[in-house]
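Below, each chain spelled out in residue letters.
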Protein chains: 2
Amino acid sequence: MHGGGVLTIGEFSRLSHLSVRTLRRYHDAGLLEPASVDDATGYRHYGVDQIPTAQVIHRLRELDVPLSDVQRIVRSGDPEIRATLVADHLRRLESELERTRGAVASLRRLLEPEPPPLDVELRAVPATTVAAVEDDVAYDEVLAWYAGAIAELDAVVHDPTGVPGGLYDNALFEDGRGHALLYRPTAHPPRSGRVHPVTLPAVELAVTTHVGEHGDIEVTYGELGTWVVGNALAVAGPVRETYVVGPRDTADPSAWRTEIGWPVFRVGPR
Amino acid sequence: MHGGGVLTIGEFSRLSHLSVRTLRRYHDAGLLEPASVDDATGYRHYGVDQIPTAQVIHRLRELDVPLSDVQRIVRSGDPEIRATLVADHLRRLESELERTRGAVASLRRLLEPEPPPLDVELRAVPATTVAAVEDDVAYDEVLAWYAGAIAELDAVVHDPTGVPGGLYDNALFEDGRGHALLYRPTAHPPRSGRVHPVTLPAVELAVTTHVGEHGDIEVTYGELGTWVVGNALAVAGPVRETYVVGPRDTADPSAWRTEIGWPVFRVGPR
DNA sequence: GCTGGACCCTCCCCCGGGGGGAGCGTGCAC
DNA sequence: GTGCACGCTCCCCCCGGGGGAGGGTCCAGC
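What counts and what doesn't
- Residue numbers run consecutively from 1 along every chain, following the written order of its sequence.
- Just so you know, chain letters begin at A and ligand numbers begin at 1, following the order they were written in.
- The model is predicted, so local features are restricted to residues of pLDDT at least 70 and side-chain atom pairs to those at 80 or more, both for listing and for counting; the totals for chains, interfaces and linings are taken over all residues.
- Excluded from the side-chain calculations are hydrogens and water; all other atoms, namely the structure's heavy atoms, are used.
- Note on definitions. A residue lies near a molecule or strand when any single heavy atom of the residue is within 4 Å of it.
- Contacts described as polar in this section are N or O atom pairs within 3.5 Å, which, within protein, must combine one atom able to donate a hydrogen with one able to accept it, while residues neighboring in sequence count only if both atoms come from side chains.
- Comment: elements are numbered from the N terminus, with helices defined as DSSP H or I runs of at least four residues and strands as E runs of at least two.
- All amino acids are sorted into three groups, where Ala, Val, Leu, Ile, Met, Phe, Trp, Tyr, Cys and Pro are nonpolar, Asp, Glu, Lys and Arg are charged, and the leftover types, Gly among them, are polar.
- Least-squares fitting of one copy onto the other uses the C-alpha atoms of those residues that reach a pLDDT of at least 70 in both copies.
- Whether two residues touch is decided by their heavy atoms; if any such pair falls within 4.5 Å, the residues are in contact.
- Strands qualify as paired when DSSP identifies two bridges or more between them.
- The rule is simple: take the accessible area with a 1.4 Å probe, protein chains only, and divide by the maximum for that residue type; under 20% is buried, over 50% is exposed, in between is partly exposed.
- Once two parts are joined, some of their accessible surface, as seen by a 1.4 Å probe, is lost; buried area is that loss totalled over both.
- Salt bridges are defined as contacts in which a side-chain nitrogen from Lys or Arg sits within 4 Å of a carboxyl oxygen from Asp or Glu.
- By convention, a stacked pair of Phe, Tyr or Trp rings (six-membered ring in the case of Trp) has centres within 6.5 Å and planes under 30 degrees apart, an edge-to-face pair has planes over 60 apart, and any other such pair is tilted.
- To get an axis, fit a line to the C-alpha atoms, keeping to the stretch in contact for a helix; angles then go from 0 to 180 degrees between the N-to-C directions.
- Angle categories: roughly parallel below 35 degrees, roughly antiparallel above 145, roughly perpendicular from 65 to 115, and oblique for all the rest.
- For a crossing to be left-handed, the near helix must be turned anticlockwise from the far one by less than a right angle; the clockwise case is right-handed.

(A) Geometry of the protein's contact with DNA strand D. Arg-21, Arg-25 and Tyr-26 of chain A together with Gly-10 and Arg-24 of chain B are the nearest of the 18 residues found near DNA strand D. Near the protein, meaning within 4 Å, the atoms of DNA strand D are sugar or phosphate in a fraction of 66%, with bases accounting for the rest. Take Arg-21 of chain A: an N or O atom from its side chain is 2.4 Å from a base oxygen of DNA strand D. Contact between DNA strand D and Leu-67 of chain A: a phosphate oxygen at 3.1 Å from a main-chain N or O atom of the residue. At the level of elements, helix H2 (20–28) of chain A together with helix H1 (9–16) of chain B are the ones that each hand at least two residues to the surface near DNA strand D. Per-element tally for the surface near DNA strand D: the top contributor is H2 of chain A, with 4 residues. Class assignment of the residues belonging to the surface near DNA strand D gives a composition of 6 nonpolar, 7 polar and 5 charged.

(B) A look at the relation of the copies chain B and chain A. Taken as rigid bodies, chain B and chain A are interconverted by a rotation of 180 degrees and an axial shift of 0.0 Å, the fit giving an RMSD of 0.1 Å. Here the symmetry operator amounts to a two-fold rotation axis. When C-alpha positions in chain B are compared against the rotation axis, the closest is assigned to Leu-97 of chain B, at 4.4 Å. A shared interface surface links the copies, since 100% of the contact residues of chain B are contact residues in chain A too.

(C) Seen up close, the sheet that holds strand S1 (residues 6–8) of chain B. All names here are of chain B. One open sheet accounts for 3 strands, arranged S1-S3-S2; its pairing is antiparallel. Where the open sheet ends on each side, the last strands, each with one partner, are S1 and strand S2 (36–37). Both S1 and strand S3 (residues 44–47) contribute to a ladder of 3 bridges, which runs antiparallel. Looking at the pairing, Thr-8 lines up with His-45 of S3.

(D) Geometry of the protein's contact with DNA strand C. The local shell around DNA strand C holds 18 residues, among which Gly-10 and Arg-24 of chain A together with Arg-21, Arg-25 and Tyr-26 of chain B are the closest. For DNA strand C, the fraction of protein-proximal atoms (within 4 Å) that sit in sugar or phosphate groups is 67%. One of the backbone N or O atoms of Gly-10 of chain A is found 2.7 Å from a phosphate oxygen in DNA strand C. A distance of 3.2 Å separates a phosphate oxygen of DNA strand C from a polar backbone atom of Leu-67 of chain B. Looking at the surface near DNA strand C, the elements that each hand over two or more residues are helix H1 (9–16) of chain A together with helix H2 (20–28) of chain B. In terms of residues, the surface near DNA strand C owes the most to one element, H2 of chain B, which gives 4 residues. Of the residues belonging to the surface near DNA strand C, the class tally is 6 nonpolar, 7 polar and 5 charged.

(E) Structural view of H1 of chain B. All names here are of chain B. Counted residue by residue, H1 has 6 buried out of 8 residues, so it is predominantly covered. Looking at H1, one finds that the buried residues are Ile-9, Glu-11, Phe-12, Ser-13, Leu-15 and Ser-16. Count one or two residues on from H1 and you reach His-17, which has phi positive near 60 degrees.

(F) How the structure looks around the interface of chain B and chain A. Tallying the contact residues gives 56 residues for chain B and 56 residues for chain A. Of the roughly 5,100 Å² buried where chain B meets chain A, counting both sides, 65% is carbon and sulfur surface. Linking chain B to chain A there are 2 salt bridges. Among the salt bridges present, the one from Glu-218 of chain B reaches Arg-59 of chain A, with a minimum N-O distance of 3.3 Å. Linking chain B to chain A there are 8 residue pairs in polar contact (both at pLDDT 80 or more). At the level of secondary structure, the elements contributing two or more residues to the side of chain B that touches chain A comprise S1, H1, helix H3 (51–62), helix H5 (79–111), helix H7 (170–174), helix H8 (217–230) and strand S10 (233–235) of chain B. With 14 residues, H5 of chain B is the single largest residue contributor to the side of chain B that touches chain A.

(G) Region of interest: the packing of aromatic side chains. Under the defined criterion, the tally for this structure stands at 10 aromatic pairs over all chains. The interplanar angle of 75 degrees and the centroid separation of 5.6 Å between the aromatic rings of Tyr-146 of chain B and Tyr-243 of chain B together place this pair among those described as edge-to-face. Taken as a pair, Tyr-146 of chain B in helix H6 (residues 142–156) and Tyr-243 of chain B in strand S11 (residues 239–245) lie far apart in primary sequence, 97 residues in all. Taking the relative accessible area as the measure of exposure, Tyr-243 of chain B reaches 9% and is therefore buried. Among the aromatic residues, those joined into a cluster by ring pairs are Tyr-139, Phe-173, Tyr-221 and Trp-262 of chain A.

(H) Representation of the packing of helix H5 (residues 79–111) of chain A against H3 of chain B. For the pair H5 of chain A and H3 of chain B, interaxial distance at closest approach is 9 Å and the crossing angle is 150 degrees. In this view, H5 of chain A runs roughly antiparallel relative to H3 of chain B, as classed from their interaxial angle. Once H5 of chain A is placed against H3 of chain B, the crossing between them reads as left-handed. Along its contact with H5 of chain A, which presents Arg-99, Ala-103, Ser-106, Leu-107, Leu-110 and Leu-111 of chain A, the element H3 of chain B presents Gln-55, Val-56, Arg-59, Leu-60 and Glu-62 of chain B. Of the residues assigned to the contact of H5 of chain A with H3 of chain B, the class counts are 6 nonpolar, 2 polar and 3 charged.

Shown next as structure tokens:
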């Protein structure tokens, strides 16, 4: 140690609380390069001034930020850009927390011993032309996407003839990515920005109403699924949701009502 | 479909919102066995009554419960045992959330442009005999372990001569598992349950005080590490923390004071 | 100067919880 | 009878490391 604070990997490990293995991996990944590497022996040498960087990396990894994103953050010297990138990840954590809350609520309902009976209605829906926003989205981006889409719809649809609704491709749930469409019925669907007219096909829907938070809506999906199969029907096409009463109407989640409609067709016994 | 709701893997996938791939994997793992498998073709067939189970699994996986634990939960028919196992995992989620909060706080401090100067004192500490509880613990169990240990110490140490403190092996931070010791100084260390007398060796400590929540204590660790190296010292042995003012004393986190001491020895220039 | 032990190196395989895709067999509707 | 959606297995890939083998290096004590 030349007094100036040159450290072996072991010393640096003790001071940064990162394992030796992990430090080597970060070197390989180009994430945290040692201040110098001995050509002859391959020994890595770190500088004391790298401890803060190591700590930032450590904290980001504790927040499950992928190494590639960590790299972008620590590479960007500009504190502004840094702050933005970090803020992005904190937002991602927020939405993940939201998802976790939903899963917990849903789990509680699932584990309740006596599920209340489910009202399901079979309803023929004619083809309708509506104002819509549609995109290919990832499952965990849906909430953010929804917020943007509904705002855009609200801005350009001035004479809605019904509550908003959405169509969600099955792949969205099964593969974590798929097509999503949010619409608002109106007599004269405008075309503006992402909003454009779409004609929803006529379908026969098995419809039920989910009451309460969206977090545990999957439970209702499951119950509806059981009903559908139990009544000798099969699923055809994307799920439809209709936001009869939602957060836009009242802050009380227990009053929210979401209609879930699954397009079905009758199957004969096999 | 014999009217009774026998489903192919694809149908079951649509109804359960689990991907076909994932269903096959759950079969292989013995987690969700199809109701029947065709010997000739290998086709899996699921029953409608398996949808609720699939949903429970789905929710648990969203909470990052490992498949092996999910298996234990869904296998245990007894709702009581189920509820207990699930509650355990919810507690784990809680503590993870705590850790996340800590990392966020720590990150904010790290990204602040101007770190306040650090007061470090070099202090020779004589050997002391104290009442202690010690264990090998995992890094993410430390909080829970601490709670139990401090309660046990409080229960049997009636005449403490100082505030509590802890010794934490470096491996705990670097490898995620290591030795932890919580102590309370007293004239006559009792022996009761996990509490027993321990003689802490004499060391020279580089000591600084961390003010505020424990969540961002790693930042102070890093600053202390930099100081240690910058002063031509090297680290020897487990970190010592002394809980001068903590949650047991006041509910206001900004008043908490934790002394961090790192055993050091002087190294000559290399 | 030698030796032992702590420390360092690279390399390969392992984990969980899937995804992508190849290559091939099946069931059903037209 | 034929197309094609759906089913099957098998293998390799992803991330962020951990375990351990096999071997080189540094340094203190003798």
